[in-house]
Structures are given as C-alpha cells and as structure tokens.
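Report on the structure
These are the residues of each chain, in order.
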Amino acid sequence: MEIISYVKTVAREGEQLAEAAERAGTEALVPTCPQWRVADLLRHTGSVHRWATGYLTEGLTERAPFPDAPELVGAELLAWFREGHAALVRALTGTSADAQCWTFLPTAPPSPLAFWARRQAHETTVHRMDAEAALGVPFGPVDPGFAEDGVDELLAGFHARPQSRVRTAEPRVMRVRASDTGAVWTVHLSQEPARTVRGDAVGGEADCTLTGEAAWLYSALWNRQPLAGPGVTGDAELARLWVDTAGI
C-alpha cells in the first residue's frame, strides 16, 4: 500500500473511533479489552498517536518513553484524543519521505515514514473496533487488501520479535489462508519466536489451518472476535494457544 492510503486510513479510522466512543460514553465497558472502559481506550490510543507523532516531528532515532495520558473524562477526554489524532495526521502528511527516525518491527516498510503510517493505520483501525464493541454495534468494514497487510504485519512483524509469547514445546505449523485475497502465511511455531513465511509450498502439512476472508482473519488474529468456527481446521489447540498468548 502507498503511504497516502495509510494516512487516509489513519484519518478516517480515528474519526470513526472518536464518534463511536462519544456515542458509547467514556464510562462504557470495552468487551474486546476486558480491563478497559472507553476512557482507557481513548487514553491509550491518544498516547500512542502522540508517541508516533514525536518520532516523525522530532526525528528521534532511539526509543522514547511512552507519554502519559491526562486524567480527563467525558468531552474533555474526547477533545484531547481528537487533538492528538489530528496532530498525527498532520505529521504523517508533512514528513518528508526520506526522513529518518526510530522504528521497531523486524520486517519494516521501506522508510520510517512508511513504517509509522502503516503501524498507526492498523493501530487506529483495531482500536476503532474496540470503540464499536463498547457501543454494541457490528464492526465496520475493513478493506480486504488492508486487512491482508495487517495480518502480515502481525504475523511477520510483531510475532517475530523476542517479546512474542506464542511458543510451543515442540515444533508446530499453523497455516493462515485469506480466501478472498489469496494470501497464505505459514507460521512455524517452536520454543523460539514464530517464523512466518508467505505461501504454503514450504513446511509440509500444517497442524492447524485458519481460513477465512482477510477481514475476519484480521479481527480474529488481533483477538477482536473469536478465533473459532468452521474457519479453524486441524488442531484447535493451536488456535486456543493463539488466543491465550498472542496479545500485543
């Protein structure tokens, strides 16, 4: 995806997140994040937006502390979130394509700007789903190509890091198939961080296969809806392992 597409997604998804949060109320519970109320969701996402903005606007080349969110409530908290979201969109729009700053995933896009545009597009979309869950409405649509990109970031990026807790005592293979886009990932699990490769011509038979439209895989692998049903074949224990250990 092009940077401009990610930036447009950040802008749209942040607005939708704020609208759903406002309708739900900042004291509403967030079913997809059981320890959170909407206020916690806004504080977290607003802080992430400001954190990302700092790298872009200040050109920071080392990891910076995560900013604290103010103890605001109600309309003031929503205004604070919207302010940070707007600043992020401005930073993504105004930063030079060759600007340098810190990034943190092992499989990063070709530039820091592309990295932060991609990361914040997915960050904001997943948390928009949380706001919709708090409001009690179905998740809004996710473009299949964007969903495929988000699954790739999650599998090949986040869970390739040492911090990932998705481990198995013995080597296992989980295959992920997007039925609408044709994308396939083969995830090799062991006592080491997961190793993910694109395609299914490697690694032999899978112990567990997850098959569904890219948007379902996106929300389910990010643990925003159950990773269960006819889309899960083979050893369901691997799907349960994912649910239990894959939280970011």
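Scroll up for the structure.
Treat the numbers as computed from the prediction; the structure is a model and nothing was measured.

Here we take up the overall build of the protein chain. When its secondary structure is counted, the protein chain shows 7 helices and 5 strands. Ordered by position from N to C terminus, the α and β elements of the protein chain give α-α-α-α-α-β-β-β-β-α-β-α. Considering the protein chain as a whole, with its 248 residues, one finds that 51% of them fall into the buried category. Restricting to contacts in the protein chain with at least 6 residues of sequence separation, those with at least 24 account for 66%.

A separate point is the pairing of strand β2 (residues 184-189). Counting buried positions over the 6 residues of β2 gives 6, a clear majority of the element. Across the two faces of β2 the burial is the same, with Val 184, Thr 186 and His 188 and Trp 185, Val 187 and Leu 189 all buried. Where strand β1 (residues 172-178) lies against β2, 6 bridges are found, and the strand directions are antiparallel. Of the residues in β2, the one forming a bridge with Val 176 is Trp 185. Hairpin connection, β1 to β2: the antiparallel pair is bridged by 5 residues, and Gly 182 has positive phi, about 85°. Bridging between β2 and strand β3 (residues 195-198) involves 4 bridges; their strand directions are antiparallel. Of the residues in β3, the one forming a bridge with His 188 is Arg 195.

Its location among the elements puts Thr 186 in strand β2. Classification of Thr 186 as buried rests on a relative accessible area of 0%. Of note is the side chain of Thr 186, whose polar atom sits 3.0 Å from the side chain of Arg 175. Of note is the side chain of Thr 186, whose polar atom sits 2.6 Å from the backbone oxygen of Gly 199.

With 21 residues, helix α2 (residues 38-58) should reach 30 Å at 1.5 Å per residue; the first-to-last C-alpha distance of 30 Å fits that figure. Buried residues dominate α2, accounting for 16 of its 21 residues. Just downstream of α2, Gly 59 is the residue with a positive phi angle, here 65°.

The subject of this paragraph is the sheet that holds β1. On the basis of which strands lie adjacent, the open sheet formed by 5 strands has the order β3-β2-β1-β4-β5 and mixed pairing. Every interior strand has two partners, whereas the edge strands, β3 and β5 (232-234), have only one. For this sheet, the mean angle separating the axes of adjacent strands, direction not counted, is 20°. Sheet strands in contact with helix α5 (residues 144-157) are β1, β2 and β3, and its direction is about 15° off that of β2. Lying over the sheet, helix α6 (residues 214-221) contacts β1, β4 (208-212) and β5, oriented at roughly 125° with respect to β4.

Moving on: the pattern of salt bridges. Applying the stated criterion to the full structure yields 17 salt bridges. With a shortest N-O distance of 3.5 Å, Arg 12 and Glu 13 are connected by a salt bridge. Taking relative accessible area as the criterion, Arg 12 reaches 39% and is therefore assigned partly exposed. By relative accessible area, Glu 13 is classed as buried at 3%. When the shortest N-O distance is used, the salt bridge between Arg 240 and Glu 237 registers 2.7 Å. Of this pair, Arg 240 and Glu 237 both sit in helix α7 (residues 236-245), 3 residues apart, which is roughly one turn of that helix. Judged by relative accessible area, Arg 240 falls into the partly exposed class, the value being 44%. Where salt bridges share partners, they join Arg 118, Glu 148, Asp 149, Asp 152 and Arg 198 into one cluster.

A separate point is the side chain of Arg 43. You can see Arg 43 is positioned in helix α2. A relative accessible area of 15% places Arg 43 in the buried class. A polar contact of 3.4 Å, which involves the side chain of Arg 43, links it to the backbone oxygen of Pro 70. Sequence-distant contacts of Arg 43, defined by excluding residues within four places in its chain, comprise Ala 69, Pro 70, Glu 71, Leu 72, Val 73, Leu 77 and Trp 80.

What counts and what doesn't
- Residues numbered from 1 in each chain as written.
- Predicted model: local features only at pLDDT ≥ 70, side-chain atom pairs only at ≥ 80, totals over all residues.
- Heavy atoms only, no water.
- Helix = DSSP H or I, 4+ residues; strand = E, 2+ residues; numbered from the N terminus.
- Buried < 20%, exposed > 50% of the residue type's maximum accessible area, 1.4 Å probe, protein only.
- Contact = heavy atoms within 4.5 Å.
- Pairing = 2+ DSSP bridges.
- Polar contact = N/O pair within 3.5 Å; in protein donor to acceptor, adjacent residues only side chain to side chain.
- Expected span 1.5 Å × (residues − 1).
- Axes fitted to C-alpha atoms, helices over the stretch in contact; angles between N-to-C directions.
- Salt bridge = Lys/Arg side-chain N within 4 Å of Asp/Glu carboxyl O.

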